[in-house]
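# Structural overview
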Amino acid sequence: MSSILEVRDLVKQYPGLRAVDGVSFSIDAGVCFGLLGPNGAGKTTTIEMIENTLDLTSGEVFYKGQPRGQKFREEVGIQFQSTQLLQYLTVEETLKTFHRLYTRQASLQQIIETCQLSDILKRDNRKISGGQKQRLLLALALLNEPELIFLDEPTTGMDPQARRNLWDIVQAIKNLGKTVILTTHYMDEAQILCDQISVMDKGKILTSGTPKELIQRYCPHVTIQLPLSLPAETLQNLPWTIETTPGGHELHAKDAREVLKVLMERDLDLSDISIHSPNLEDVFLVLTGRSLRE
Ligand SMILES: Nc1ncnc2c1ncn2[C@@H]1O[C@H](COP(=O)(O)OP(=O)(O)O)[C@@H](O)[C@H]1O
Ligand SMILES: [Mg+2]
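Residues numbered from 1 in each chain as written. Chains lettered and ligands numbered in written order. Predicted model: local features only at pLDDT ≥ 70, side-chain atom pairs only at ≥ 80, totals over all residues. Heavy atoms only, no water.

## Overview of the overall build of the protein
Spelled out, the test is: Only runs of H or I of at least four residues qualify as helices and only runs of E of at least two qualify as strands under DSSP, and these elements are numbered from the N terminus. Exposure is judged per residue with a 1.4 Å probe applied to protein chains only, and the accessible area is read against the type maximum: over 50% gives exposed, under 20% gives buried, and values in between give partly exposed. A contact between two residues is defined here by any heavy atoms of the two lying within 4.5 Å. The method behind every accessible area is Shrake-Rupley, applied with a 1.4 Å probe, and residues are considered shielded solely by the protein chains displayed.
Along its length, the protein carries 10 helices and 14 strands. Expressed as lengths along the three principal axes of its C-alpha atoms, the size of the protein is roughly 75 × 45 × 40 Å. The buried share among the 294 residues of the protein stands at 49%. Taking the contacts inside the protein whose residues are at least 6 apart along the sequence as the reference set, 67% of them involve residues at least 24 apart. Carbon and sulfur atoms make up 48% of the accessible area of the protein, which amounts to about 14,800 Å² in all.

## With respect to the packing of helix 3 (residues 91-99) against helix 5 (residues 130-142)
What counts is decided by this rule: Convention adopted: a line fitted to C-alpha atoms gives each axis, helices being fitted over their contacting stretch, and angles between N-to-C directions are expressed from 0 to 180 degrees. Under this scheme an angle from 65 to 115 degrees is roughly perpendicular, one under 35 degrees roughly parallel, and one over 145 degrees roughly antiparallel; angles in between are oblique. Crossing chirality is assigned from the near helix's rotation relative to the far helix, an anticlockwise turn below a right angle marking it left-handed and a clockwise turn marking it right-handed. Each residue gets one of three labels, nonpolar for Ala, Val, Leu, Ile, Met, Phe, Trp, Tyr, Cys and Pro, charged for Asp, Glu, Lys and Arg, and polar for the others, Gly among them.
At a minimum axis distance of 10 Å, the contact between helix 3 and helix 5 shows a crossing angle of 20°. Here helix 5 runs roughly parallel to helix 3, going by the angle between their axes. Two packed elements cross with a definite hand, and for helix 3 against helix 5 that hand is right-handed. Residue-level inspection shows V91, T94, L95 and F98 of helix 3 in contact with helix 5, the latter providing L136, A139 and L140. For the contact of helix 3 with helix 5, a count of residues per class yields six nonpolar, one polar and no charged.

## Regarding helix 1 (residues 43-51)
In an α-helix, one turn spans 3.6 residues, which is why side chains three or four residues apart end up on the same side. Of all nine residues in helix 1, seven are buried, a share of seventy percent or more. Here helix 1 has its buried residues at K43, T45, T46, I47, M49, I50 and E51. One or two steps after helix 1, the chain reaches N52, where phi turns positive at roughly 75°.

## As for the sheet that holds strand 13 (residues 248-253)
Through backbone hydrogen bonds, the strands of a sheet pair up, either in parallel or in antiparallel fashion. Short version of the rule: Here a strand pair is declared whenever DSSP counts at least two bridges between the two strands.
Ordered by their spatial adjacency, four strands build an open sheet running 12-13-11-14, and the pairing between neighbours is antiparallel. Strand pairing shows two members of the sheet lacking a second neighbour, strand 12 (243-245) and strand 14 (274-276), which therefore form its edges. On average, each strand axis in the sheet is inclined to that of its neighbour by 30°, with strand direction left out of account. The pairing of strand 11 (residues 222-226) with strand 14 spans three bridges and is classified as antiparallel. When the sheet's bridge partners are listed, I224 is paired in strand 14 with I275. The sheet strands contacting helix 9 (residues 256-265) are strand 11, strand 13 and strand 14, and the helix crosses strand 11 at an angle near 25°.

## Examining the domain arrangement of the protein
This is how it is decided: Where each domain starts and ends follows an automatic or database-derived domain assignment.
Taken domain by domain, the protein consists of domain 1 (3-216) and domain 2 (221-277). Centre-to-centre, using C-alpha coordinates, domain 1 lies 43 Å away from domain 2.

## Points about the pairing of strand 11
When you tally the buried positions in strand 11, you get four out of five residues, the bulk of the element. Where strand 11 and strand 13 come together, five bridges link them in antiparallel fashion. Each bridged residue has a counterpart across the sheet, and for L226 the counterpart in strand 13 is H249.

## Section: the packing of helix 5 against helix 6 (residues 160-175)
The interhelical angle for the contact between helix 5 and helix 6, taken along N-to-C directions, is 15°, at an axis separation of 10 Å. For the element pair helix 5 / helix 6, the angle class is roughly parallel. Regarding helix 5 and helix 6, the two cross each other, and that crossing is right-handed. Residues G131, Q134, R135, L138 and L142 of helix 5 form the contact with helix 6, whose own contacting residues are A162, N165, L166, I169 and I173.

## Observations concerning the nonpolar core
Defined as follows: The definition of a nonpolar core used throughout is a set of buried Ala, Val, Leu, Ile, Met, Phe, Trp, Tyr and Cys residues joined through side-chain atoms within 4.5 Å.
Counting 45 residues, the largest nonpolar core has L95, C115, L117, L136, I197 and L280 as its most contacted members. The residues contacting L117, other than those within four sequence positions of it, are L95, I112, Q132, R135, L136 and A139. Core analysis: the second largest hydrophobic core is formed by 24 residues, V20, L35, A41 and F150 among them.

This is how it looks when you write it as structure tokens:
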């Protein structure tokens, strides 16, 4: 695969704050790349510098191997975090108004379908829900048939149903062969949508990889919790260290199946067992000692 976008040593210096502190990464064409990190990590600043909507202090951005130029402006779509939609226009009028601005035009009908806007075309921009607004903003980002699309926190503030809806749309956009760059502080979103992730905190990239690689690298163990009702003596001489906590007897293992097999052989009542498979939230905790949502 060839890299569609490469950034080298991006820096944004504000008076008294280095919001982005030497960020480098490269994104293969056709993938969904996620910048995952808590609020204030520097995600928006990073992607706005890449989009060229914010001046960079230093660093380099290459699109298809070249410094950003005309091609970049034509082939990129940006979903802004809070775009002021034009007042007194319907969803359809908004789409048509912006569509006309481009020389390179995607099929409006296809965008309306992909972004699930058919039912609200005649509605006033001011009368649509948060999820619908987000879908409209996404549609606006697709009007110039972009190859590379920037989504900044696309589901922040949405209810679970609207979030899942938007995830389906991002999947559909990926299936069209487009490259997606998204920022998020939701580990489930990153895990579901992203092929490649860079974890960001305090202006720096802490680590990069596929979700699976990151979990295997930093949190290779599942946690199994057994109910306290199981007498401690029934858990003696197991090949795993058992820690008894207020929540239950806890053990960590590479493979839950191994543990379950041994426990079943002991004929224990496992009805209240719980198994926690590590996720990107755990990766962030291991890397920083903090939670993504703090
Ligand atoms: N215009 C600005 N002037 C000064 N500091 C800013 C400005 N914009 C953002 N910051 C600061 O830069 C840091 C990174 O912000 P941002 O990129 O918005 O983070 P994120 O998108 O990850 O939540 C934050 O500490 C934020 O307060
Ligand atoms: Mg942000």
